[in-house]
Amino acid sequence: PESIFNPLVIFGLVGALSIVGLMVFSWRKKWWPEFLGFLWFCAFMLPVIQIVPWMAIFGSRVLYLPLVGLAIAFLSLVFRFIENNKINVLIPQAFAAFLIIASVILSVNRNQEWRNGETLWKSALKITPENRIAYDGLQYFYRIQGNFGAAQIWRKKLADFLLKKPELELLKRLVENPYGTD
């Protein structure tokens, strides 16, 4: 994000403050499962929230452990709500079953994108079409597979992407003629 007023930054700050507020609220109420769930979430998010920037192409995998904490807190709150309001247990059970089925379907679909390097990098380009690292990943994948024609196509796309800067004209000539056989 370019500034602190970017909607993503504002949304992230609101989310972080909400989690901390829920953690403090849980502590004061002595709701230990909820508190520990929110604490778990915060503890496992700290290494990956980019306070110190690090290179991450896909970050979805780093959410699995923190989400365990949120699941613990959420389920404990649901059970607490059921106990206090004498709600029919079938309603939350049906909702939980729906969430589990939806999560399984989403995980299977996501795993298809991670099937191999080609599917991984092409899915990255669907999300961010101007992704230099994905172009490079695809040309590398095809080169390792021995498909030099496809590798050359992706190298050319990478060079075209990089050549939006005039100082990289030499790179374009290198990509178009990698072996210097003019």
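Refer to the structure above for everything that follows.
Criteria and thresholds
- Counting restarts for each chain: residues are numbered from 1 in the order of the written sequence.
- Local features in a predicted model are, by the rule used here, given only for residues with pLDDT of at least 70; side-chain atom pairs are given and counted only at 80 or more, and totals for whole chains, interfaces and linings are based on all residues.
- Side-chain metrics in this entry use all non-hydrogen atoms of the structure; hydrogen atoms and water are not considered.
- Counting from the N terminus, the helices are the DSSP runs of H or I reaching at least four residues and the strands are the DSSP runs of E reaching at least two.
- Burial classes follow relative accessibility: with a 1.4 Å probe on protein chains only, a residue under 20% of its type's maximum area counts as buried, one over 50% as exposed, and anything between as partly exposed.
- Contact definition: two residues touch when any of their heavy atoms are within 4.5 Å.
- Accessible surface is estimated by sampling points in the Shrake-Rupley manner with a 1.4 Å probe; for residues, cover comes only from the protein chains shown.
- Here a helix's expected span is defined as the number of its residues, less one, multiplied by 1.5 Å.
- Residues adjacent in sequence count toward polar contacts only when both atoms are side-chain atoms; beyond that, a polar contact is any pair of N or O atoms within 3.5 Å, and within protein one must be able to donate a hydrogen and the other to accept it.
- By definition here, a salt bridge exists when the distance from a side-chain nitrogen of Lys or Arg to a carboxyl oxygen of Asp or Glu is within 4 Å.
- Think of a 1 Å grid over the protein atoms and nothing else: a 1.4 Å probe that fits but is trapped marks a cavity, an open set flanked by protein within 12 Å on at least five of seven lines marks a pocket, and residues with an atom within 4 Å of a point count as lining.
- Grid points are joined across faces, edges and corners, and a volume is the space filled by probe spheres set on the points.

A closer look at the overall build of the chain
Step number 1: Each helix and strand counted, the chain has eight helices and zero strands in total.
Step number 2: Burial statistics for the chain: of 182 residues in total, 22% are counted as buried.
Step number 3: Once local pairs closer than 6 in sequence are excluded, the contacts in the chain between residues at least 24 apart make up 40%.
Step number 4: Element-wise, carbon and sulfur atoms account for 70% of the exposed surface of the chain, whose accessible area totals about 13300 Å².

Some words on helix α1 (residues 7-29)
Step number 1: Here α1 contains 23 residues, and its C-alpha end-to-end distance of 32 Å stays within 8% of the 33 Å for a straight helix at 1.5 Å per residue.
Step number 2: Contacts made by the buried residues of α1 are with α2 (32-45) and α3 (64-85).
Step number 3: Between the side-chain oxygen of the N-cap and the backbone nitrogen of leucine 8 there are 2.8 Å, and the N-cap of α1 in question is asparagine 6.
Step number 4: Positive phi shows up at lysine 30, right after α1, with a value of about 60°.

Looking at the side chain of serine 123
Step number 1: Of note, serine 123 is situated in helix α5 (residues 117-127).
Step number 2: A distance of 2.7 Å separates a polar atom in the side chain of serine 123 from the backbone oxygen of leucine 120.

With respect to the pattern of salt bridges
Step number 1: Applying the stated criterion to the full structure yields four salt bridges.
Step number 2: Between lysine 156 and aspartate 160 there is a salt bridge, with its nearest N and O atoms 3.1 Å apart. Residue lysine 156 and its partner aspartate 160 are located together in helix α7 (residues 148-162), separated by four residues, close to a single helical turn.
Step number 3: Judged by its relative accessible area of 37%, aspartate 160 is partly exposed.

Observations regarding α3
Step number 1: An ideal rise of 1.5 Å per residue puts 32 Å on 22 residues; α3 measures up with 31 Å between its terminal C-alpha atoms.
Step number 2: All of the buried residues in α3 are Pro66, Gly69, Ala73, Ser76 and Ile82.
Step number 3: Summarising the contacts, the buried residues of α3 are in contact with α2 and α4 (90-113).
Step number 4: Positive backbone phi, approximately 50°, marks lysine 86, located one or two places after α3.

A short note on the environment of isoleucine 153
Step number 1: When you line up the elements, isoleucine 153 lands in helix α7.
Step number 2: Between the C-alpha atoms of isoleucine 153 and glutamate 176, which are 23 residues apart in sequence, the distance is 9.9 Å.

What about the layout of surface pockets?
Step number 1: Each pocket or cavity is described by its volume, and for the second largest pocket that value is around 530 Å³.
Step number 2: Phe74, Leu75, Val78, Ala96 and Leu99 are the residues nearest the centre of the second largest pocket, which is lined by 18 residues in total.
Step number 3: When contributions to the lining of the second largest pocket are tallied by element, the ones reaching two or more residues are α3 and α4.
Step number 4: For the lining of the second largest pocket, the element with the most residues is α3, which contributes nine residues.

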